[in-house]
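# Summary of structural features
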Amino acid sequence: MAHKHFCLKCNAVVAEGNFDCGRDADHTTSNFAPSADPEKKRRQIGSGSSASSSRMFIDSAELYDAIYTFKNYARECDRLRNLINALVPGTRTILDVACGTGEHAKFLKEHYAIDGVDINESYLRAARLKNPSGNYVRADMMNFDLRRTYDVVTCLFSAIGIAKTFNRLEAAVTCMARHVRPGGALIIEPWFTPDQWHPTTPFILVGEVGAGKVYRLSNSIKEGQLSILLHHYLRATPANIEHYSARIELGLFTRDEMAWAFEFAGMEARYDVEGLMGRGLYIGKHDTRIRCGLVRPAEVLGKANRATR
């Protein structure tokens, strides 16, 4: 007996092995039920959501914290404290770039004065509640200026992948390095390298937002020097089931490219293989022997040109 396969976005019948019927215009959000009758669909599982509410939900701090409950922030912060205290004894101030909802700060605030930068205002509101004494600023990691320096600057949970291209990677690391005081340190947790990235089979994470559950089905592909994460969310509430989708693009940078970005910013970097959660860490310190803005060496230049196409 043949089995029908349905689009994850609108439940239309699709070819075997597909998840998407291709009608992108209809897929901002959808109610996940097989009914051609809008009134019947509303009776079955409730009304749909607007494009703006979809974006608000996907970008919400509540969803982020619900989905990433598997992450052991307390253990990571213990490791991070040990590293920071060894690197920069007497550290008092930390800037967390792409700080998200402030989960790292929640565990570090008793030991350091922590500020944060993120592009998502919803995340920043959550971070301010978790760390009221911190200064949290909405800004792009590629271009911000807080007009001060810190003992340590961090960029964790592979957020550096958001840079996507090598030129933007250079800009982000240079911007972070400008906020590190002489003798301080820049700590970046990388995303995967091109050789490490292998698209996975689909998997599901489950969390709770308010009184309802959220299920995230994720798949991944590779396009050139980018890893593409395809997320589909089902949000179940007492009155409704809603569907949302998101496409996340993260740059795949080699070890040479990461090391060069630090050197370009006037820093010498070393690589810690294990890091906080198995993804490694790049640890940079200012080196007066390195002049900022150096011309890229040929082996890095070739890779960078490929990464920007």
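Our subject is the structure listed above.
First things first, this report covers the structure right here in the doc. (Residues numbered from 1 in each chain as written. Predicted model: local features only at pLDDT ≥ 70, side-chain atom pairs only at ≥ 80, totals over all residues. Heavy atoms only, no water.)

### Overview of the sheet that holds strand E7 (residues 150-155)
- The 7 strands are arranged E6-E5-E4-E7-E8-E14-E13 in an open sheet whose pairing can be described as mixed. Two strands lie at the open edges of the sheet, namely strand E6 (136-138) and strand E13 (267-272), each paired on one side alone. The mean inter-strand angle of the sheet, taken between neighbouring strand axes irrespective of direction, is 20°.
- When E13 meets strand E14 (residues 281-286), the two strands line up antiparallel, connected through 6 bridges. Paired with Arg270 across the strands is Ile283, a residue of E14.
- Docked against the sheet, helix H7 (residues 166-177) engages strand E4 (93-97), E7, strand E8 (180-188), E13 and E14, running at close to 140° with respect to E8. (Pairing = 2+ DSSP bridges. Helix = DSSP H or I, 4+ residues; strand = E, 2+ residues; numbered from the N terminus. Axes fitted to C-alpha atoms, helices over the stretch in contact; angles between N-to-C directions. Contact = heavy atoms within 4.5 Å.)

### Some points on the packing of aromatic side chains
- This structure, assessed with the given rule, holds 12 aromatic pairs.
- Ring geometry for Phe57 and Tyr233: centres 6.4 Å apart, planes at 85°, overall edge-to-face. Residue Phe57 is located in helix H2 (residues 51-58), and its partner Tyr233 is located in strand E11 (residues 226-237); the two are separated by 176 residues in the primary sequence.
- A residue is classified by how much of its surface remains accessible, and Tyr233, at 6% relative accessible area, is buried.
- Within the aromatic cluster, the residues linked to one another by ring pairs are Tyr64, Tyr68, Phe70, Tyr123 and Phe157.
- The ring of Tyr73 has Lys71 lying over it, and the distance from NZ or CZ to the ring centre is 5.3 Å.
- Above the ring of Tyr150, the side-chain terminus of Arg148 is found at 4.0 Å from the ring centroid. (Phe/Tyr/Trp six-rings, centres within 6.5 Å; stacked < 30°, edge-to-face > 60°. Buried < 20%, exposed > 50% of the residue type's maximum accessible area, 1.4 Å probe, protein only. Lys NZ or Arg CZ within 6 Å of the ring centre and 35° of its normal.)

### Overview of empty space enclosed by the protein
- One pass over the structure, following the stated rule, counts 1 cavity of 30 Å³ or more.
- Leu80, Ile94, Asp96, His104, Ala105, Leu108, Ile114, Thr154 and Leu156 together form the lining of the largest cavity.
- If you list the elements that add at least two residues to the lining of the largest cavity, you get E4 and helix H5 (103-108).
- The element best represented in the lining of the largest cavity is H5, accounting for 3 residues.
- For the lining of the largest cavity, a count of residues per class yields 6 nonpolar, 2 polar and 1 charged. (1 Å grid on protein atoms, 1.4 Å probe; cavity = no way out; pocket = protein on both sides within 12 Å on 5 of 7 lines; lining within 4 Å. Points joined across faces, edges and corners; volume = space filled by probe spheres on them. Nonpolar A, V, L, I, M, F, W, Y, C, P; charged D, E, K, R; others polar.)

### Some points on the pattern of salt bridges
- Under the defined criterion, the tally for this structure stands at 12 salt bridges.
- A salt bridge links Asp115 to Arg148; the shortest N-O distance between them is 3.7 Å. With Asp115 in strand E5 (residues 113-118) and Arg148 in the loop between E6 and E7, this pair connects stretches of sequence that are 33 residues apart.
- For Lys213, the salt bridge goes to Glu208, with nearest N and O atoms at 3.1 Å.
- Each of the salt bridges in this network shares a partner with another, and the network as a whole consists of Asp65, Glu103, Lys106 and Lys130. (Salt bridge = Lys/Arg side-chain N within 4 Å of Asp/Glu carboxyl O.)

### Re the nonpolar core
- Judged by nonpolar contacts, the single largest core of 31 residues is most densely connected at Met141, Leu169, Met176, Leu186 and Ile188.
- Counting residues per element, the ones that place at least two in this core are E4, E7, H7, E8 and helix H8 (255-264).
- It is H7 that contributes the most residues to this core, 7 residues altogether.
- For Met141, the contacting residues outside a window of four places in its chain are Val97, Ala98, Cys155, Ala159, Ile160, Ala172, Cys175 and Met176.
- In terms of nonpolar packing, the next biggest core, distinct from the first, is built from 22 residues, Cys77, Leu87, Ile114 and Leu156 among them. (Core = buried A, V, L, I, M, F, W, Y, C linked by side-chain atoms within 4.5 Å.)

Function cannot be read off these values alone, since they describe shape.
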